[in-house]
Amino acid sequence: MSNNNLNLADDLAIDPEKAKSQSEKLGAIRVFAPATVANVVCGFDVLGFAVNEPGDEVEMRLTDTPGVVIKRITGDDGRLPLDAAKNTVSASVQHYLQHVNRLDVGVEIELHKKMPIGSGLGSSSASTVAGLFAINKLMGDLLSPKELVPFAMKGEELACGYGHADNVAPAILGGFVLVRSYEPLDVISLPTPAGMYAAIVYPEVDVPTKDARQMIRSKVLLKDAVTQWGNVAGLVSGLFMNDFDLIGRSMKDVLVEPTRSILIPGFEEMRAIAMENGAIGFGISGSGPSVFALTKDEGTAKKITKAQQQHLHKININSKAYVSSVNAEGPRVI
Ligand code: HSE
């Protein structure tokens, strides 16, 4: 089997004795996990990349009382469940512990939301990945980062009804990631061209991923599929070739964007602003309403977000902006 192939979590062999001795060494940890831009315009459910900000933080402590508990959530305005079975962080940690035969372990979790919920920036993914990275560290890195992906997908399933991997895989691995296949899961890390920046603007209207998925047609025309897979292949080639023009030409979506962009205020105007100000390409981040542009440098990215925010302000929409290089490392202990 090649390195890029990933066994499903349930096929992984875990030595319970190793798991037990490793977990005793660390008692508590705080982890940051990054936001992500899923789809990268043409690659619905198969492409994504991580950014350095925003992101979420999870504090985790091991206790003597078996079971996973959410002690506190900050920054969510009371929107996320404290019920451990319903919260994506605790539910995926529970699934992980079951898999590594450590249901004897007690875990207390504090989740600090540092990014907007329902923004299209992989909010649930960032929380879930921070939690999984934390528990895996506390257990002595029993699983590799790639092996954590299926557990994080369980969290996405809970959050939006479908376990897509194009947020969680780049959040865990960093950089650009291709989900070549779901069954079996096959996740491939792609290169990031030097100097690339993402200019992200979040117009503050709520678009839950669950709803944004339901509005997409489930059947596509062959001619549209041809356009789409040409662009996916072009984008991946562009990343390998450091060819910004090819990346930009490939950032076209004839399947999903025409429907979803209707939910995003000022979408076409923001596209025009991005392209007039030197973006390589522009589109919806994940399921929206955030939009993003890729640029060749930080200055261009800042110019674009500033002008887009001015436009949103004119049409009475509040917004947040993030300018970030591509995050190469994934989650980190803080
Ligand atoms: N691929 C997913 C979607 C990403 O577009 O619904 C959600 O952030």
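Residues numbered from 1 in each chain as written. Predicted model: local features only at pLDDT ≥ 70, side-chain atom pairs only at ≥ 80, totals over all residues. Heavy atoms only, no water.

Chemist: If you had to explain the site of the ligand to someone new, which residues and values would you point to?
Modeler: In the vicinity of the ligand, the contacting residues are A38, N39, F44, D45, H164, D166, N167, T209, R213, R260, G286 and S287. Side-chain polar atom of D45 to a nitrogen atom of the ligand: 2.5 Å apart, as the coordinates give it. Here N167 contributes a side-chain N or O atom positioned 2.9 Å from an oxygen atom of the ligand. For the ligand, the accessible surface in isolation is 260 Å², of which the surrounding protein chains cover 98%. Here the residues of the shell around the ligand are counted per class, giving two nonpolar, six polar and four charged. Counting contributing residues per domain, the shell around the ligand is built from domain 1 (3-190 + 329-333) and domain 2 (197-325), each supplying no fewer than three. (Near = heavy atom within 4 Å. Polar contact = N/O pair within 3.5 Å; in protein donor to acceptor, adjacent residues only side chain to side chain. Areas by Shrake-Rupley, 256 points an atom, 1.4 Å probe, with all protein chains shown as cover. Nonpolar A, V, L, I, M, F, W, Y, C, P; charged D, E, K, R; others polar. Domains from an automatic or database assignment.)

Chemist: Mind laying out the confidence of the model for the protein, listing which residues take part and the relevant values?
Modeler: A residue-level look at the protein finds 92% of positions with pLDDT of 70 or above and a mean pLDDT of 92. Residue range residues 1-12 is modelled with pLDDT below 50. Its contacts to residues more than four positions away, or to other chains, number 21 contacts. (pLDDT = per-residue confidence, 0-100. Contact = heavy atoms within 4.5 Å.)

Chemist: Got a sec to walk through the UniProt feature "domain: GHMP kinase C-terminal" (unreviewed entry) in the protein? Specific residues and values, please.
Modeler: As annotated by UniProt and renumbered to match this structure, "domain: GHMP kinase C-terminal" (unreviewed entry) occupies residues 241-307. Across residues 241-307 one finds 48% helix and 13% strand; the C-alpha atoms that close the span lie 30 Å apart. (UniProt positions renumbered as here; feature names shortened; annotations may be inferred. Helix = DSSP H or I, 4+ residues; strand = E, 2+ residues; numbered from the N terminus.)

Chemist: A description of a nonpolar patch on the surface should follow, citing residues and the corresponding values.
Modeler: There is a patch of nonpolar side chains on the surface, built from L222, V226 and W229 and spanning about 350 Å² of accessible area. Note on W229: relative accessible area 54%, which makes it exposed. (Patch = residues over 30% accessible without salt bridge, like charges linked within 9 Å, V, L, I, M, F, W, Y side chains within 5 Å. Salt bridge = Lys/Arg side-chain N within 4 Å of Asp/Glu carboxyl O. Buried < 20%, exposed > 50% of the residue type's maximum accessible area, 1.4 Å probe, protein only.)

Chemist: Describe the pairing of strand β9 (residues 291-295), with residues and values.
Modeler: Among the five residues in β9, five count as buried, and that is most of the element. Residue alternation in β9 divides its side chains into two sets, V291, A293 and T295 and F292 and L294, and both sets are buried. Where strand β7 (residues 197-203) meets β9, five bridges bridge the pair, whose relative direction is antiparallel. Bridging across to β9, V201 finds its partner in V291. (Pairing = 2+ DSSP bridges.)

Chemist: Any details on the packing of aromatic side chains? Residues and values, ideally.
Modeler: For the coordinates displayed, the defined rule picks out five aromatic pairs. Judged by centre distance (4.8 Å) and plane angle (35°), the rings of F49 and F176 are tilted. Of the two residues, F49 sits in strand β2 (residues 47-63) while F176 sits in strand β5 (residues 176-182), which places them 127 residues apart along the sequence. Across this residue pair, the class does not change: F49 and F176 are buried. Note on Y162 and Y182: the rings are 6.3 Å apart at their centroids and 50° apart in plane angle, and the pair reads as tilted. Of the two residues, Y162 sits in the loop between α4 (145-160) and α5 (168-173) while Y182 sits in strand β5, which places them 20 residues apart along the sequence. An aromatic cluster is present here, built from F49, F176 and F292 joined pairwise through their rings. (Phe/Tyr/Trp six-rings, centres within 6.5 Å; stacked < 30°, edge-to-face > 60°.)

Chemist: How would you summarise the side chain of E257 if you had to cite specific residues and measurements?
Modeler: Looking at where E257 falls in the secondary structure, it is placed in helix α9 (residues 257-260). Here E257 falls in the buried class, since its relative accessible area comes to 9%. Every residue in contact with E257, bar those within four places of it in the chain, is listed here: V41, F267, R271, F282, G283 and I284.

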